[in-house]
Amino acid sequence: MMLVNSPDSVVDANLAIALDALLAEQSVTRAAARLHTSPAAMSRTLARLRRILQDPLLVRAGQTMVPTPRAQALREEAATVVRGLGALLSPGASVDPLRSTFTLQTADLVGAAVAPGLLHLARREAPGVSFRIRSEELEAGPALRDGRIDLEIGSIDHVDPETQIEELVGLRMVAGVRPGHPLTEGPLTPARLAAARHVAVSRRGRFTGPLDTALAELNLHRRVSVVLVGHLAAMTLAARSDLVCLVPAALPGAAPSPLTHDAVALGLQLLDIPLALPPLTIGMAWHPRHTADGAHRWLRDTVRRTLRTPTAASEITAADAVAPE
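My aim in this report is to walk through the structure given alongside it, one point at a time. All of these numbers come straight from a predicted model, not from anything done at the bench.

## Topic: the environment of Q26
Alright, step 1. Along the polypeptide, Q26 turns up in the loop between α1 (13-25) and α2 (28-34).
Alright, step 2. As for Q26 and V59, which are separated by 33 residues in sequence, their C-alpha atoms are 9.3 Å apart.
Alright, step 3. In this structure, Q26 is in contact with A21, L58, M65, V66, P67 and R75, ignoring residues within four places of it in sequence.

## Some thoughts on the packing of helix α5 (residues 108-125) against helix α9 (residues 231-239)
Alright, step 1. Orientation of α5 relative to α9, taken along the N-to-C sense of each, is 95 degrees, at an axis distance of 6 Å. Our classification of the angle between α5 and α9 gives roughly perpendicular. Across from D108, L109 and A112 in α5, the residues of α9 making contact are H231, L232, A233 and M235.
Alright, step 2. When the residues that make up the contact of α5 with α9 are grouped by side-chain class, the tally is five nonpolar, one polar and one charged.

## Focus on unusual backbone geometry
Alright, step 1. Of note, the phi angle at Q26 is positive, near 50 degrees, even though the residue is not glycine.
Alright, step 2. Phi at H36 is positive, roughly 55 degrees, even though this residue is not glycine.
Alright, step 3. Here H36 is to be found in the loop between α2 and α3 (39-53).

## Description of the pattern of salt bridges
Alright, step 1. Under the definition given, this model contains 15 salt bridges.
Alright, step 2. A salt bridge links D20 to R34, with the nearest nitrogen and oxygen atoms 3.5 Å apart. Of this pair, D20 sits in helix α1 while R34 is found in helix α2, placing the two residues 14 residues apart along the sequence.
Alright, step 3. R34 gets classed as partly exposed once you look at its relative accessible area, which sits at 38%.
Alright, step 4. A salt bridge links E25 to R30, with the nearest nitrogen and oxygen atoms 3.6 Å apart.

Scoring rules and cut-offs
- Residues numbered from 1 in each chain as written.
- Predicted model: local features only at pLDDT ≥ 70, side-chain atom pairs only at ≥ 80, totals over all residues.
- Heavy atoms only, no water.
- Helix = DSSP H or I, 4+ residues; strand = E, 2+ residues; numbered from the N terminus.
- Contact = heavy atoms within 4.5 Å.
- Axes fitted to C-alpha atoms, helices over the stretch in contact; angles between N-to-C directions.
- Parallel < 35°, antiparallel > 145°, perpendicular 65-115°, else oblique.
- Nonpolar A, V, L, I, M, F, W, Y, C, P; charged D, E, K, R; others polar.
- Salt bridge = Lys/Arg side-chain N within 4 Å of Asp/Glu carboxyl O.
- Buried < 20%, exposed > 50% of the residue type's maximum accessible area, 1.4 Å probe, protein only.

These figures come from the coordinates and say nothing about function on their own.
Here it is in structure tokens:
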């Protein structure tokens, strides 16, 4: 919109909005009502617009007002400017269903648990969205800050001070064993659990964890035969041997957790551990620059729904896994 050099040359957004209303309504009274202001105030605004644009814009024709040729030429441009202002100044819009790709970092078990729900909800709500799920190979704080990952999901314990964190669900650890395993016969005691052979999971190759701390308080020690980097591999090994693995499960009284689905699918029997182990909290972390972004809000809400209300999000069909054409 061309403006002449005058005291009115610096135009605020309200003038563009008023111009759009006046040209759309072709009435000072109706434009005032549309913008919730008085006809007198709208008349003063019209006078200012006439000075700025050096055109009467609306002229009386009997009982109505009609636009001048200049006003007709400006009408669509004014509407476009107002729509742009609305998009610029409104909270972030919903996810773009055609262009968005999100990179998540999480452990293999969490990734396998959330992926079906993410795909199911994305196909319904944003069919063009795709997901890249990375293993826990990057330090989350710098990776979130640099934009290499959009969201970290898991046990969040190593973030920068500015990182935003939301706790999603609390879990407990249970023992997973193959059907017919000796531990399924009779009550499971700490001594019997310690005497069994175990597979541990640690990205850093550690043989000990909270279970060993709890057993040590009873002067018991377990034998860890192998340490693997992923829970899915550990559960698969337990399903094919006499090794015991740890499986995250829902807290008593809570809805079943999708993090237990793969253990059940492998046929593992889940046994309550007769020890006071610390609960496991699964959360998500992101950089604060994404907090108000509409697409990222959709991503966080989708993860939230997948983990907190899994029955509504995790029923994935074959079509859900197929990228749209």
